[in-house]
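Below are the chains, spelled out letter by letter.
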Amino acid sequence: MQERMSEHTNTCSFANVRPIMVDIPYPPIQVGEKNPAYANLLSLDYCGSTSEMSAITQYINNENRLSYERCSMAKTLLGIAMAEMMHLQKLGELIYLLGGAVDYTAKLQNGKQIMWTPEFLAIPGNVRHMITADIEAEKAAINQYRMHIKMIKDRYVNAVLERIILDEEYHIMLLRTLLNEMANGSV
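Residues numbered from 1 in each chain as written. Predicted model: local features only at pLDDT ≥ 70, side-chain atom pairs only at ≥ 80, totals over all residues. Heavy atoms only, no water.

1. A few points about the packing of helix H3 (residues 52-66) against helix H5 (residues 127-151)
Okay, so step 1: Remark: H3 packs on H5, axes separated minimally by 11 Å, with the N-to-C direction vectors making an angle of 165°. The orientation of H3 relative to H5 falls into the category roughly antiparallel. Pair H3 / H5 crosses with left-handed handedness. Together, Glu 52, Gln 58, Tyr 59, Asn 62, Arg 65 and Leu 66 of H3 and Val 127, Met 130, Ala 133, Asp 134, Ala 137, Glu 138 and Tyr 145 of H5 make up the contact between the two elements.
Okay, so step 2: Looking at the contact of H3 with H5, its residues break down into seven nonpolar, two polar and four charged. (Axes fitted to C-alpha atoms, helices over the stretch in contact; angles between N-to-C directions. Helix = DSSP H or I, 4+ residues; strand = E, 2+ residues; numbered from the N terminus. Parallel < 35°, antiparallel > 145°, perpendicular 65-115°, else oblique. Left-handed = near helix turned anticlockwise from the far one by under 90°. Contact = heavy atoms within 4.5 Å. Nonpolar A, V, L, I, M, F, W, Y, C, P; charged D, E, K, R; others polar.)

2. Quick notes on the nonpolar core
Looking at soluble globular proteins, one finds that nonpolar side chains tend to be buried together.
Okay, so step 1: With 48 residues, the main nonpolar core has Leu 42, Ile 131, Val 157, Leu 161 and Leu 175 as its most contacted residues.
Okay, so step 2: Filtering out sequence-adjacent residues up to four positions away, Val 157 remains in contact with Gln 30, Val 31, Leu 42, Leu 94, Leu 98 and Ile 152. (Core = buried A, V, L, I, M, F, W, Y, C linked by side-chain atoms within 4.5 Å. Buried < 20%, exposed > 50% of the residue type's maximum accessible area, 1.4 Å probe, protein only.)

3. Side note on the environment of Lys 112
Okay, so step 1: Relative to the helices and strands, Lys 112 is located in the loop between strand E1 (105-107) and strand E2 (113-115).
Okay, so step 2: Taking the relative accessible area as the measure of exposure, Lys 112 reaches 54% and is therefore exposed.
Okay, so step 3: Lys 112 has contacts with Ala 106 and Lys 107, leaving out every residue within four places of it along the chain.

Quick look at the structure:
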């Protein structure tokens, strides 16, 4: 019985995993003034289909699926997920300061509201496709942040979004490295 249990034990230790992010501090979390329209835009980054909530959930799912067979890759994905959690927290603070509600509901410009759902996730079975989907999600997030920066006229909010973009770009570089390592057979 003991041997059988050990076959199903994960030996991948996540004890020392830290958020994977650029080593540059975040700007202070503040806003010029309350602006519910800006809060609504950030709600899309918080919990829309392309959002930090989606990124966190997708990375954790991928990490869980890889941890038994590809420990180093799983640790990288967990570290990225932890950075995305920090982004989610910072966006939540900004939404609150702007006068919005932090309730896992994305507020669209047409007045509709969409609650976050796991249907927003890409969950391919193949590891290469999994990492490629993560890269595409990071690119989509960067594009959405850049679009929101153009729409938001608050230098404090935009400074935070610009800083988040740096992390997302770093994540793409790391994910591409994982793909290259897979191609070379080193992970």
